[in-house]
Amino acid sequence: ALERTISIIKPDAVAKNVIGQIYARFEQAGLKIVAAKMKQLSRQEAEGFYAVHRERPFFNALVEFMVSGPVMIQVLEGENAVAKNRELMGATNPKDAAPGTIRADFADSIDANAVHGSDSLENAAIEIAYFFPQTDVYAR
Ligand code: CMP
């Protein structure tokens, strides 16, 4: 089905200057960028975005990392966009990520792992609404 999902290029990948290389992978896979913005997250925004992880031992380090520099946030649209984006990203830990995936090629560690992607269609809707008013998402 035609789906939308959130992708966040994290501070490590923005600092590495690979936004364009990551965008090219989305486009080559048939995913369209229908909303995008670069943003320095506040601590409160990062904590709210990752609220489901609040009780996890890595939560503080995750928030610290996500506010360490600007991120690039985009909505991707396409057939099976949620799963397709997760395939392109590879496993959360770059050590486990398949060759040719974004994390295998650009991530350094499980914390600095280059990209975030929604893990389900339900969470995708929540995450899109968290960052983009409907008027900033362009059907195409
Ligand atoms: P992300 O997909 O953005 O979702 C939560 C993030 O927490 C994850 O990517 C990792 O960067 C980070 N993280 C750190 N340690 C872990 C862990 N043990 N399990 C899952 N995520 C972790």
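Bear in mind the structure is a predicted one, so any value in this text is a computation, not a measurement. (Residues numbered from 1 in each chain as written. Predicted model: local features only at pLDDT ≥ 70, side-chain atom pairs only at ≥ 80, totals over all residues. Heavy atoms only, no water.)

Draft legend 1. Spotlight on the sheet that holds strand 2 (residues 32–39). One open sheet accounts for four strands, arranged 2-3-1-4; its pairing is antiparallel. Each having just a single partner strand, strand 2 and strand 4 (115–117) make up the two edges of the open sheet. The mean angle between the axes of side-by-side strands here comes to 20°, regardless of whether they run parallel or antiparallel. Of the strand pairs in this sheet, strand 2 and strand 3 (residues 71–79) are connected by seven bridges, and their pairing is antiparallel. Residue pairing across strands places Ile33 opposite Leu76, the latter belonging to strand 3. Where helix 2 (residues 19–28) meets the sheet, it contacts strand 1 (2–9), strand 2, strand 3 and strand 4, and its direction lies at approximately 10° from that of strand 3. (Pairing = 2+ DSSP bridges. Helix = DSSP H or I, 4+ residues; strand = E, 2+ residues; numbered from the N terminus. Axes fitted to C-alpha atoms, helices over the stretch in contact; angles between N-to-C directions. Contact = heavy atoms within 4.5 Å.)

Draft legend 2. Representation of the UniProt feature "domain: Nucleoside diphosphate kinase-like" (unreviewed entry) in the protein within the structure. When the UniProt feature table is mapped to this numbering, "domain: Nucleoside diphosphate kinase-like" (unreviewed entry) covers residues 2–139. Taken end to end, residues 2–139 is 40% helix and 20% strand, and its first and last C-alpha atoms sit 11 Å apart. (UniProt positions renumbered as here; feature names shortened; annotations may be inferred.)

Draft legend 3. Representation of the packing of aromatic side chains. Counted according to the given criterion, the structure contains five aromatic pairs. With a centroid separation of 6.3 Å and 40° between ring planes, the pair formed by Tyr23 and Phe26 is classed as tilted. Residue Tyr23 and its partner Phe26 are located together in helix 2, separated by three residues, close to a single helical turn. Judged on exposure class, the residue Tyr23 and its partner Phe26 are both buried. (Phe/Tyr/Trp six-rings, centres within 6.5 Å; stacked < 30°, edge-to-face > 60°. Buried < 20%, exposed > 50% of the residue type's maximum accessible area, 1.4 Å probe, protein only.)

Draft legend 4. Main features of the UniProt feature "active site" (unreviewed entry) in the protein. Per the UniProt record, the feature "active site" (unreviewed entry) sits at His116. Mapped onto the elements, His116 comes out in strand 4. The contact partners of His116, leaving out residues within four places of it in the chain, are Ile6, Ser7, Ile8, Lys10, Phe49, Tyr50, Asn85, Met89, Arg103 and Glu127.

Draft legend 5. Seen up close, the layout of surface pockets. If you add up the space inside the largest pocket, you get close to 680 Å³. Contributing to the lining of the largest pocket are 27 residues, with Tyr50, Val52, His53, His116 and Asp119 lying nearest its centre. Mapped by element, the contributors of at least two residues to the lining of the largest pocket are helix 3 (43–49), helix 5 (81–89), strand 4 and helix 7 (121–131). With four residues, helix 7 is the largest single contributor of residues to the lining of the largest pocket. Residues belonging to the lining of the largest pocket are distributed by class as follows: 12 nonpolar, eight polar and seven charged. (1 Å grid on protein atoms, 1.4 Å probe; cavity = no way out; pocket = protein on both sides within 12 Å on 5 of 7 lines; lining within 4 Å. Points joined across faces, edges and corners; volume = space filled by probe spheres on them. Nonpolar A, V, L, I, M, F, W, Y, C, P; charged D, E, K, R; others polar.)

Draft legend 6. View of the site of the ligand. In the vicinity of the ligand, the residues found are Lys10, Tyr50, His53, Phe58, Leu62, Thr92, Arg103, Ile110, Asp111, Asn113 and His116. Tyr50 has a polar side-chain atom sitting 2.5 Å from an oxygen atom of the ligand. The side chain of His116 places a nitrogen or oxygen atom 3.0 Å from an oxygen atom of the ligand. Relative to its free-state accessible area of 450 Å², the ligand is covered by the protein chains to the extent of 78%. Judged by its atoms lying within 2 Å of the grid points, the ligand is housed in the largest pocket. Of the residues assigned to the shell around the ligand, the class counts are four nonpolar, four polar and three charged. (Near = heavy atom within 4 Å. Polar contact = N/O pair within 3.5 Å; in protein donor to acceptor, adjacent residues only side chain to side chain. Areas by Shrake-Rupley, 256 points an atom, 1.4 Å probe, with all protein chains shown as cover. Sits in = over half its atoms within 2 Å of the grid points.)

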